[in-house]
Amino acid sequence: MSDTGKYILETQGLTKEFKGFTAVDTVDLKVKRHDIHALIGPNGAGKTTVFNLLTKFLIPTRGKITFNGRDITATKSAEIARMGVIRSFQISAVFPHMTARENVRVALQRKLGTSFHFWRPVSSLNRLNDRADELLTMVGLEHFTDAVVADMPYGRKRALEIATTLAMEPEMMLLDEPTQGMGREDVELITQLIKKVSANRTILMVEHNLGVVSTLCDKITVLQRGALLTEGTYEEVSSDPRVKEAYMGKAA
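Residues numbered from 1 in each chain as written. Predicted model: local features only at pLDDT ≥ 70, side-chain atom pairs only at ≥ 80, totals over all residues. Heavy atoms only, no water.

Attention shifts here to the sheet that holds strand β6 (residues 85–88). Strand order in the open sheet formed by six strands is β6-β7-β8-β3-β9-β10, with mixed pairing between adjacent strands. In the strand order of this sheet, the two ends are held by β6 and β10 (227–232), each with one partner. Ignoring strand direction, the axes of neighbouring strands in this sheet form an average angle of 20°. In the sheet, strand β3 (residues 36–40) pairs with strand β8 (residues 202–206) via four bridges, with the strands oriented parallel. Residue Ala-38 lies in a different strand from β8, and its bridge partner there is Met-205. (Pairing = 2+ DSSP bridges. Helix = DSSP H or I, 4+ residues; strand = E, 2+ residues; numbered from the N terminus. Axes fitted to C-alpha atoms, helices over the stretch in contact; angles between N-to-C directions.)

Once that is clear, we can look at the environment of Asn-200. With respect to the element layout, Asn-200 can be found in the loop between α7 (184–197) and β8. When the C-alpha atoms of Asn-200 and Arg-33 are compared, they prove to be 8.7 Å apart, with 167 residues separating the residues in sequence.

Next up on the list: the packing of helix α4 (residues 100–112) against helix α5 (residues 129–138). Axis separation between α4 and α5 bottoms out at 9 Å; the angle between their running directions is 115°. Relative to α5, the element α4 is oriented roughly perpendicular. Both α4 and α5 take part in a crossing whose hand is right-handed. Contacts from Ala-100, Arg-101, Val-104, Arg-105 and Leu-108 in α4 reach Asn-129, Arg-131, Ala-132, Asp-133, Leu-135 and Leu-136 in α5. (Parallel < 35°, antiparallel > 145°, perpendicular 65-115°, else oblique. Left-handed = near helix turned anticlockwise from the far one by under 90°. Contact = heavy atoms within 4.5 Å.)

What follows deals with the packing of aromatic side chains. Under the counting rule described, the total for this entry stands at zero aromatic pairs. Sitting over the face of the ring of Phe-18, Lys-16 holds its NZ or CZ atom 5.3 Å from the ring centroid. (Phe/Tyr/Trp six-rings, centres within 6.5 Å; stacked < 30°, edge-to-face > 60°. Lys NZ or Arg CZ within 6 Å of the ring centre and 35° of its normal.)

Attention now moves to the pattern of salt bridges. According to the stated counting rule, one finds 10 salt bridges in the structure shown. A salt bridge links Glu-161 to Arg-158; its shortest N-O distance comes to 2.9 Å. You can see Glu-161 and its partner Arg-158 sitting in helix α6 (residues 154–166), three residues apart, about one turn around the helix. For Glu-161, a relative accessible area of 13% translates into the label buried. A salt bridge links Lys-219 to Glu-231, with the shortest nitrogen-to-oxygen separation between them at 3.7 Å. Linking Lys-219 in strand β9 (residues 219–224) with Glu-231 in strand β10, this pair joins segments that are 12 residues apart in sequence. According to the relative accessible area criterion, Glu-231 is partly exposed, its value standing at 29%. Each of Arg-101, Asp-133 and Asp-146 takes part in a single network of salt bridges with overlapping partners. (Salt bridge = Lys/Arg side-chain N within 4 Å of Asp/Glu carboxyl O. Buried < 20%, exposed > 50% of the residue type's maximum accessible area, 1.4 Å probe, protein only.)

With that out of the way, let us pick up the nonpolar core. Counting 42 residues, the largest nonpolar core has Val-104, Leu-160 and Met-205 as the members making the most contacts within it. Excluding anything up to four places from it in sequence, Val-104 contacts Ala-132, Leu-135, Leu-136, Leu-160, Ala-163, Thr-164 and Ala-167. By size, the runner-up hydrophobic cluster in this structure holds 24 residues, among which are Leu-9, Leu-29, Ile-65 and Val-85. (Core = buried A, V, L, I, M, F, W, Y, C linked by side-chain atoms within 4.5 Å.)

It is worth spelling out the side chain of Glu-207 at this point. Here Glu-207 lies in the loop between β8 and α8 (210–216). A polar contact is formed between the side chain of Glu-207 and the side chain of Thr-179, at a distance of 2.8 Å. Within the structure, the side chain of Glu-207 is placed 2.9 Å from the backbone nitrogen of Asn-209, a separation counted as a polar contact. (Polar contact = N/O pair within 3.5 Å; in protein donor to acceptor, adjacent residues only side chain to side chain.)

The subject of this paragraph is the packing of α6 against α7. Running from N to C, α6 and α7 point in directions that differ by 15°, and their axes come no closer than 9 Å. Regarding the angle of α6 to α7, the classification is roughly parallel. In terms of crossing hand, the pair formed by α6 and α7 is right-handed. Along the contact surface, α6 presents Tyr-154, Gly-155, Arg-156, Arg-158, Ala-159, Ile-162 and Leu-166, while α7 presents Asp-186, Leu-189, Ile-190, Leu-193, Ile-194 and Val-197. Tallied by class, the residues present in the contact of α6 with α7 amount to nine nonpolar, one polar and three charged. (Nonpolar A, V, L, I, M, F, W, Y, C, P; charged D, E, K, R; others polar.)

What follows covers the confidence of the model for the chain. Per-residue confidence for the chain gives a mean pLDDT of 88; residues scoring 70 or more make up 89%. When mean pLDDT is taken per element in the chain, strand β4 (residues 62–67) scores highest with 97 and helix α1 (residues 3–6) scores lowest with 72. (pLDDT = per-residue confidence, 0-100.)

This next bit is on α4. Its 13 residues give α4 an end-to-end C-alpha distance of 19 Å, which sits within 8% of 18 Å, the value for a rise of 1.5 Å per residue. Along α4, the residues classified as buried are Ala-100, Asn-103, Val-104, Arg-105, Val-106, Ala-107, Leu-108 and Gln-109. (Expected span 1.5 Å × (residues − 1).)

What follows covers the pairing of strand β2 (residues 21–32). For strand β1 (residues 7–18) and β2, the ladder comprises eight bridges, and the chain directions are antiparallel. By the bridge assignment for β2, Thr-11 is matched with Leu-29.

The following block contains the structure:
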């Protein structure tokens, strides 16, 4: 397989500077198709800035980004989403006073390009119900179809956010801290869900919970002070003394 076919997303020399401060420093990233790939590193390592550059919430100072072999460095955020790169928990924020089904239906409307046609009668949206219910079942929310989101447990809300992301039919999902703020039971639920929805998709995730990373990820990229420190499997990365030093402040 050619590199273009093997790697769905690549960056070359990706750099972002803010008034003399280099937040991301010449990062070369290669994400293999259908992998679950993690970006980890201590606070301030540049992980979220990399996500913002990939989804075009920020414009790179220098460098190149390619998706499926196409240069997307200058492509706008909405077009990136249409190409199939969907950033979960950002684009797909849920509406707390709507039901779970209604939230997924809104996401399905976005995919159809009818998101702002709120003057249409509700009955015209009913054709989306079957697909919405399929997606809710996929993420284990079949019993929460008519639940108001504000009343749902925290972990189930995060599962709903994954359902709304899936409604956009992503080829690549970017998950930003998917288990942040969760108790052990919810972490386990979301970890298993990510594993399930990764079938035939590529996932790039920022995650602080190294237990989640070790369970899920095929490859891990470690950032430190905006630069790439090391890459590899969890076993390779976790045994690297530079990684231990970056996290612990001293060589272990």
